[in-house]
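A closer look at the structure
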2 protein chains.
Amino acid sequence: MKPLILISNDDGYQAKGLLVLTGIARQLGNVVVMSTELNASAKSMSLTTNMPLRARLIEKVEDTEELGSVEVYASNGTPTDNIKLAVEHFCSSRPDLVVSGINHGSNASINVLYSGTLGAALEAAISGYPAIGFSILDPIPEPDFSYCEPYVELIMRLSLEKGLEKGLCLNVNFPYTQLGPIKGMKVCRASKAEWTDSYQKRLDPMSKPYYWLTGKFECTDNDEGTDQWALANGYASIVPLRPDYTAFDAIDAINNMIL
Amino acid sequence: MKPLILISNDDGYQAKGLLVLTGIARQLGNVVVMSTELNASAKSMSLTTNMPLRARLIEKVEDTEELGSVEVYASNGTPTDNIKLAVEHFCSSRPDLVVSGINHGSNASINVLYSGTLGAALEAAISGYPAIGFSILDPIPEPDFSYCEPYVELIMRLSLEKGLEKGLCLNVNFPYTQLGPIKGMKVCRASKAEWTDSYQKRLDPMSKPYYWLTGKFECTDNDEGTDQWALANGYASIVPLRPDYTAFDAIDAINNMIL
């Protein structure tokens, strides 16, 4: 019995990164893809509360001796919606692994907080599924995934074989392809950073202002041991994530503050 | 010179919780409110990438000897957008404190991950502002805020006077008003939990399926020391949050897995 792998992303069902990830997943098991009709980047862990969801079958491929079956759906939901929806209504059994991506653009450092791709992986972790978010730093439609493909396969295979601690997911980022072959993998913490110069103000033809999201990524937390260091030095970064913001080390200080 | 307090929420600019919070904030400083035109619950830390933002002045009130000035704006952005937008284009100086809420409904336990109200507070924390998200468990339009008002004032005043460690924010939840007067405050960790039975399947008049978000909150992590325990026992819960999902204690295990 082949394992069941559930795939999601936030770049939409036609994104190259999703197709690459699906191709690798078929070598390891049967696959259900629940993607988005449109780009849903920066949706974080948002949920759709004000309208119902629809899901449309895009493609169905039977399994062969070598390759698992594939069912691809696209929905109008967010990536986090899509994990909930797929597990409950579109997977024939409990997934053995949930993967999201391969995202076109960095989800390292604080980008993980805004990412829809990682929103899907974190949702899967909350429900106790081994989960991995994959991203490549090149934010273009057609990056060269050939350097990262063996690593994606390896990390997925190890996660299927060895499992992950319940409630954890992995945030895997691959360096810019211009750096050449990947040097290896580093398990890291997320760099602290900030996006500044967030909004560009423009005037419409009626001279009324509107504001476009933009922003400059500012990160001075680049020590060895961070994901930004690993990626800048040609390594894939793997950050274990737990969907819990509690700052345990600050509980005493806040207790002192309110007393 | 009065301190500047920036306020946001996810229930929209007409929500009672926002009006209550604004009233308290005026006792402590000058206030800028950047809220949403419509309800933006469960928007997490999502950003608006596919369209520009607009912000509309709703109300402007001059300051008096006792009360600070108020400027209220409503935008088409998410709560996280609104913090970025307000700081950069609508605040005359760097805010001394950012508060979000008072949300109508719980943001304790894992609800914090999906919450737009806390998305705003976490965004402020990333940018180094002392930030607090406030929520009351009653998810109704007109809860009785009278029990929680003195606590909101106290926590805001202490945060202004003593500051917060850079990068931290506080997630403050108040118990159901049916429990009567609040017994005090407990500094807690977030309970682990899960929402199950996520989507209700229905058929439209053409017999095609659609899916409504629903869900059952399942939490067995109710020990003393958790926010769910505090709230169930009549206390306000205060969880210090840090916008970093890194599971530091899992780095060694993942290193062993991939070697």
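Residues numbered from 1 in each chain as written. Chains lettered and ligands numbered in written order. Predicted model: local features only at pLDDT ≥ 70, side-chain atom pairs only at ≥ 80, totals over all residues. Heavy atoms only, no water.

Focus: the overall build of chain A
Applied cut-off: A run of H or I in DSSP counts as a helix once it spans at least four residues, and a run of E counts as a strand once it spans at least two, with each numbered from the N terminus. This radius of gyration counts C-alpha atoms alone. The globule rule is 2.2 Å times how many residues there are, raised to the power 0.38. Only protein chains enter the area calculation, which uses a 1.4 Å probe; residues under 20% of their type maximum are buried, those over 50% are exposed, and those in between are partly exposed. A contact between two residues is defined here by any heavy atoms of the two lying within 4.5 Å. We get accessible surface area from the Shrake-Rupley algorithm with a probe of 1.4 Å; when it comes to residues, only the shown protein chains can shield them.
Within chain A one finds seven helices and 13 strands. Computed over the C-alpha atoms, the radius of gyration of chain A is 19 Å, within 12% of the 18 Å expected from 2.2 N^0.38 for a compact globule of 259 residues. With the principal axes as the frame, chain A shows a C-alpha extent of 60 × 50 × 50 Å. The buried share among the 259 residues of chain A stands at 60%. A separation threshold of at least 6 residues defines the contact pool for chain A, and within that pool the share at least 24 residues apart is 77%. Per element, the accessible surface of chain A, about 10500 Å² overall, is 50% carbon and sulfur.

Section: the interface of chain B and chain A
Spelled out, the test is: In short, buried area is how much 1.4 Å probe accessible area vanishes from two parts on joining, totalled over both. Any carboxyl oxygen of Asp or Glu that lies within 4 Å of a side-chain nitrogen of Lys or Arg is treated as forming a salt bridge with it. By the criterion applied in these results, polar contacts are pairs of N or O atoms within 3.5 Å in which, for protein atoms, one can donate a hydrogen and the other can accept it, and in which residues neighboring in sequence qualify only through two side-chain atoms. In this count, Pro and Cys sit with the nonpolar residues alongside Ala, Val, Leu, Ile, Met, Phe, Trp and Tyr, while Asp, Glu, Lys and Arg are called charged and the others, Gly among them, polar.
With 75 residues of chain B at the contact, the number on the chain A side is 75 residues. Of the roughly 6800 Å² buried between chain B and chain A on both sides combined, carbon and sulfur atoms contribute 64%. Looking at the side of chain B facing chain A, the largest losses of area belong to Y199, Y245 and M257 of chain B, adding up to 13% of the total buried there. Here chain B and chain A share six salt bridges between them. Here K192 of chain B makes a salt bridge to D244 of chain A, at a shortest N to O gap of 3.6 Å. Where chain B meets chain A, there are 34 residue pairs in polar contact (both at pLDDT 80 or more). It is helix α2 (residues 79–90) of chain B that provides the largest number of residues to the side of chain B that touches chain A, a total of seven residues. Grouping the amino acids of the side of chain B that touches chain A by side-chain chemistry returns 43 nonpolar, 15 polar and 17 charged.

Examining the pairing of strand β6 (residues 131–136) of chain B
Residues and elements named next belong to chain B. Filter applied, for reference: Following DSSP output, two strands are said to pair if at least two bridges run between them. When the strands point away from the viewer and the path from the first strand over the helix to the second turns clockwise, the crossover is right-handed.
Summarising burial for β6: six of the six residues are buried, a large majority. Relative to β6, strand β5 (residues 97–104) is paired through five bridges, and the arrangement is parallel. Bridge pairing in β6 links N103 to S135. Note that β6 and strand β7 (residues 169–174) share six bridges and pair parallel. Counterpart to S135 in the pairing with β7 is N173. Note on the crossover from β6 through helix α5 (residues 149–162) to β7: the handedness is left-handed.

Quick look at helix α5 (residues 149–162) of chain A
In an α-helix, one full turn covers 3.6 residues, which means residues spaced three or four apart are oriented alike. All names here are of chain A. Under the convention used in this document: Here the expected length of a helix is defined as 1.5 Å per residue gap, with one fewer gap than residues. Arc definition: directions from the helix axis to the C-beta atoms.
In this model α5 runs 20 Å from its N-terminal to its C-terminal C-alpha over 14 residues, within 8% of the 20 Å that 1.5 Å per residue would give. Within α5, burial applies to Y151, V152, I155, M156, L158 and S159. Buried residues along α5 cover an arc of 165 degrees about the axis, so they all sit on one side. Summarising the geometry of α5, the exposed residues directed more than 90 degrees from the buried face are P150 and E161. Just downstream of α5 lies G163, where phi reads positive at about 75 degrees.

A short note on the relation of the copies chain B and chain A
To be explicit about the condition: Overlaid copies result from least-squares superposition on C-alpha atoms, with residues included only where pLDDT is at least 70 in both.
Mapping chain B onto chain A calls for a screw motion: a turn of 180 degrees about the axis and a shift of 0.0 Å along it, with 0.0 Å RMSD after fitting. With respect to symmetry, the two chain copies, as superposed, fit the operation of a two-fold axis. Looking at chain B, 100% of its interface residues are interface residues in chain A too, so the copies touch through the same face.

So, the sheet that holds strand β5 (residues 97–104) of chain A
Residues and elements named next belong to chain A. The condition is simple: Fitted lines through C-alpha atoms serve as axes, helices being fitted only where they are in contact, and the angles separating the N-to-C directions of these axes extend from 0 to 180 degrees.
Spatially, nine strands are ordered β3-β4-β2-β1-β5-β6-β7-β13-β8 in an open sheet, and the strand pairing comes out mixed. Where the open sheet ends on each side, the last strands, each with one partner, are β3 (55–61) and β8 (185–187). Averaged over all neighbouring strand pairs, the angle between strand axes comes to 20 degrees, with direction disregarded. For strand β1 (residues 4–8) and β5, the ladder comprises four bridges, and the chain directions are parallel. Note on β5: the bridge partner recorded for S8 is S100. Most of the contacts of helix α2 (residues 79–90) go to strand β2 (residues 30–36), to which it runs at about 140 degrees, and overall it touches β1, β2, β3, β4 (70–75) and β5.

Remarks on the side chain of S237 of chain A
By the element assignment, S237 of chain A lies in strand β13 (residues 236–241). With residues near it in sequence (within four places) discarded, S237 of chain A still touches N171, V172, N173, K186, C188, D227, A230 and L231 of chain A.

Some details on the packing of α2 of chain B against helix α4 (residues 116–126) of chain B
All names here are of chain B. The condition that has to hold: Should the near helix be turned anticlockwise from the far one by less than a right angle, the crossing is left-handed, and should it be turned clockwise, the crossing is right-handed.
At a closest axis distance of 7 Å, the pairing of α2 and α4 adopts a crossing angle of 35 degrees. When you trace α2 past α4, the crossing you get is right-handed. Contacts between α2 and α4 involve P79, T80, I83 and K84 on the former and, on the latter, G116, G119, A120, E123 and A124. Here the contact of α2 with α4 is built from residues that sort into four nonpolar, three polar and two charged.

Remarks on the packing of helix α1 (residues 16–26) of chain B against α5 of chain B
Residue and element names in this part refer to chain B. Just so we agree on the cut-off: Put simply, angles under 35 degrees are roughly parallel, angles over 145 are roughly antiparallel, angles from 65 to 115 are roughly perpendicular, and the rest are oblique.
Put simply, α1 and α5 touch, their axes get as near as 10 Å, and they point 50 degrees apart. The angle between α1 and α5 falls in the class oblique. Like other packed secondary-structure pairs, α1 and α5 cross with a definite hand, here right-handed. Each of V20, L21, I24 and A25 in α1 lies in contact with α5, whose residues at this interface are E149, V152, E153 and M156.

Overview of the sheet that holds β6 of chain B
On the basis of which strands lie adjacent, the open sheet formed by nine strands has the order β3-β4-β2-β1-β5-β6-β7-β13-β8 (chain B) and mixed pairing. The open sheet has two edge strands, β3 (55–61) and β8 (185–187) of chain B, and neither has a second partner. Here the average twist between neighbouring strands, direction ignored, is 20 degrees. Two strands pair when backbone bridges link them, and strand β2 (residues 30–36) of chain B and strand β4 (residues 70–75) of chain B are joined in this way by six bridges, in the parallel orientation. The residue bridging S35 of chain B from the neighbouring strand is A74 of chain B, located in β4 of chain B. Each of β7, β8 and β13 (236–241) of chain B touches helix α7 (residues 251–258) of chain A; the most contacted strand, β8 of chain B, lies at about 155 degrees to it.

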